[in-house]
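Structural features, examined
Each chain, letter by letter, is given below.
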Amino acid sequence: MREITGHTVLTGLLGSPAAHSISPMMHNESFRLLDLDYVYLAFDVGEKDLKTAVEGLKALGARGFNLTMPDKNKMVEYCDRLSPAAQMIGAVNTVVNDNGLLTGYTTDGIGYMRAAEDAGVRLGGKVMTLLGGGGAATAVCAQAALDGLRQIRVFNIRDSFYGRLERLTAELTERTSCKVTLEDLADEKALARSIAESDILTNATSVGMAPKTEGCLIKDPQVLRTDLIVSDVIYNPRQTRLLKMAADRGCRTFNGMYMLLYQGAAAFELWTGKKMPVEQIKAKYFSA
């Protein structure tokens, strides 16, 4: 990494937990490779302290920052402008600061679809069962619908986001060629039926993420057919309990590592105007 100077531009990550993230490594290495006087730091900030942290970064003149769980939905309240996709899903994972004007973007969906391509998975025309309704889940849902999936069946708990999810699924069905539906995650029979009729099952929740690696939303491994593709947006651990269960059943699987890489590459370009050296970053930090 370059020597820190009085001109070094600040970028970073807000979330909780944040210390496990490899985003600082991949962004700082990218800055080094391109000889950019930038630095990227991780800050453990939950929803309660998010407003204060954002105001601080704004006052300090930070160029921008990423958001991870649990801050993606809350960040919408503190942006001056939202990209069309961020406005539609009500979540932000990337913020650009233009002289005090904060614009929120969502790059998670782009990252997920590129990760699927890297795994050799072609999702056009297919049916997905999607677990979750938070920032990552809605970004995946919206991008997958826009990119030509035939049907997406979203399962989420009946929490405070459920009403917003009902509006989002209706809007996506109206605005795209994809039929998007929403059901209660507590309905195990409906979930099993959906998985049986799907080509791919995607966990877009934090269940199973370190340090609580024993978590898994799928209780019965029998619902995982051999020809089912199973993916997880989690990358720590690289093999979640869900992915291990799926691999044991003979399913094709992929995790959230390349989703992280490609969503980060999109954020990097928004901040710097330059392409992240993806292949070099992939070789250094994302190889098995």
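Now for a quick tour of the structure. (Residues numbered from 1 in each chain as written. Predicted model: local features only at pLDDT ≥ 70, side-chain atom pairs only at ≥ 80, totals over all residues. Heavy atoms only, no water.)

1. Quick word on empty space enclosed by the protein
The test is simple: In this analysis the probe radius is 1.4 Å and the grid spacing 1 Å, with only protein atoms considered; a cavity is a set of points the probe fits into but cannot get out of, a pocket is an open set with protein on both sides within 12 Å along at least five of seven lines, and lining residues have an atom within 4 Å of a point. Grid points are joined across faces, edges and corners, and a volume is the space filled by probe spheres set on the points. Helix and strand assignments follow DSSP, with helices taken as H or I runs no shorter than four residues and strands as E runs no shorter than two, numbered in order from the N terminus. In this classification, the charged set is Asp, Glu, Lys and Arg, the nonpolar set is Ala, Val, Leu, Ile, Met, Phe, Trp, Tyr, Cys and Pro, and all remaining amino acids, among them Gly, are polar.
On inspection of all chains with the given rule, the structure shows two cavities of 30 Å³ or more. The volume enclosed by the largest cavity comes to roughly 340 Å³. For the largest cavity, the lining is made up of 21 residues, of which T68, K72, D108, Y235 and L260 are closest to its centre. The set of elements that each furnish at least two residues to the lining of the largest cavity consists of β3 (64-67) and α9 (257-272). The element best represented in the lining of the largest cavity is α9, accounting for three residues. Across the lining of the largest cavity, the residue classes break down as 11 nonpolar, eight polar and two charged. Here the second largest cavity is characterised by a volume of approximately 50 Å³. Together, L131, N203, V207, G208, G215, C216, L217, D232, T240, R241 and L242 line the second largest cavity. Across the lining of the second largest cavity, the residue classes tally to five nonpolar, four polar and two charged.

2. Examining the sheet that holds strand β4 (residues 81-82)
The condition that has to hold: Strands were regarded as paired on the criterion that DSSP finds at least two bridges between them. Any two residues whose heavy atoms approach within 4.5 Å at even a single point are treated as in contact. For helices, the axis comes from a line fit to the C-alpha atoms of the stretch in contact; other axes are also lines fit to C-alpha atoms, and the angle between any two N-to-C directions lies between 0 and 180 degrees.
One open sheet accounts for six strands, arranged β2-β1-β3-β5-β6-β4; its pairing is mixed. Here the strands that pair on one side only, and so sit at the sheet edges, are β2 (38-44) and β4. As paired strands, strand β1 (residues 9-15) and β2 are joined by seven bridges and run parallel to one another. For L13, the partnering residue across the bridge sits in β2 and is A42. Most of the contacts of helix α2 (residues 47-60) go to β1, to which it runs at about 175 degrees, and overall it touches β1, β3, β5 (94-98) and β6 (101-105).

3. Considerations on the nonpolar core
Across soluble globular proteins, nonpolar side chains show a tendency to be buried alongside one another. This is how it is decided: Put simply, buried Ala, Val, Leu, Ile, Met, Phe, Trp, Tyr and Cys residues joined by side-chain atoms within 4.5 Å make one nonpolar core. Only protein chains enter the calculation, and the probe is 1.4 Å; a residue is then buried if its accessible area is under 20% of its type maximum, exposed if over 50%, and partly exposed in between.
Counting residues in each nonpolar core, the largest one holds 34 residues, and the members touching the most others are Y112, L123 and I152. The set of elements that each furnish at least two residues to this core consists of α3 (84-89), α4 (108-118), β7 (127-131), α5 (135-146), β8 (151-156), α6 (162-175) and β9 (179-184). Of all the elements, α5 adds the most residues to this core, at seven residues. Beyond its immediate chain neighbours, meaning those up to four positions away, Y112 contacts L123, M128, V140, I200, T202, S231, F254 and M259. With 23 residues, the next largest nonpolar core counts Y38, Y40, M257 and L260 among its residues.

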